[in-house]
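What the coordinates show
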Amino acid sequence: MRKIIAALAFVFIASSGRAETIAERAVPRIANQREDYLAKTLREYKDNSRHGYDATMAEALQPATPEQISDLAYFLARVR
């Protein structure tokens, strides 16, 4: 769970509205998304079916259960 939280924290920091570095442009933007979209996206990261992104998200989400993914989607959809 710590890896998941660290990966998500990096995503939020990278999507905070400040100028991006080249490395940050490859980081997926998950802040302020709909809960159903987030759940689908997190599942796709976990099973590595979401192409075009660094494997960091897939690696971070590997230990997550379906219930944890649902909880994360719920939480992330409400963080502003």
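Residues numbered from 1 in each chain as written. Predicted model: local features only at pLDDT ≥ 70, side-chain atom pairs only at ≥ 80, totals over all residues. Heavy atoms only, no water.

Attention shifts here to the overall build of the protein chain. A count of helical and extended segments in the protein chain gives 4 helices and 0 strands. The linear arrangement of helices and strands in the protein chain, starting from the amino end, is α-α-α-α. Buried positions account for 34% of the 80 residues belonging to the protein chain. Within the protein chain, contacts between residues at least 6 apart in sequence are counted, and of these 54% link residues at least 24 apart. About 5300 Å² of surface is accessible on the protein chain, with carbon and sulfur atoms providing 57% of the total. (Helix = DSSP H or I, 4+ residues; strand = E, 2+ residues; numbered from the N terminus. Buried < 20%, exposed > 50% of the residue type's maximum accessible area, 1.4 Å probe, protein only. Contact = heavy atoms within 4.5 Å. Areas by Shrake-Rupley, 256 points an atom, 1.4 Å probe, with all protein chains shown as cover.)

All right, on to the nonpolar core then. Leu38, Leu42, Tyr45, Leu61, Ala73 and Leu76 are the most contacted members of the largest nonpolar core, which totals 13 residues. Sorting the residues of this core by element identifies helix H2 (35-46), helix H3 (56-61) and helix H4 (66-78) as the ones contributing at least two each. Looking at this core element by element, the count peaks at 5 residues for H4. (Core = buried A, V, L, I, M, F, W, Y, C linked by side-chain atoms within 4.5 Å.)

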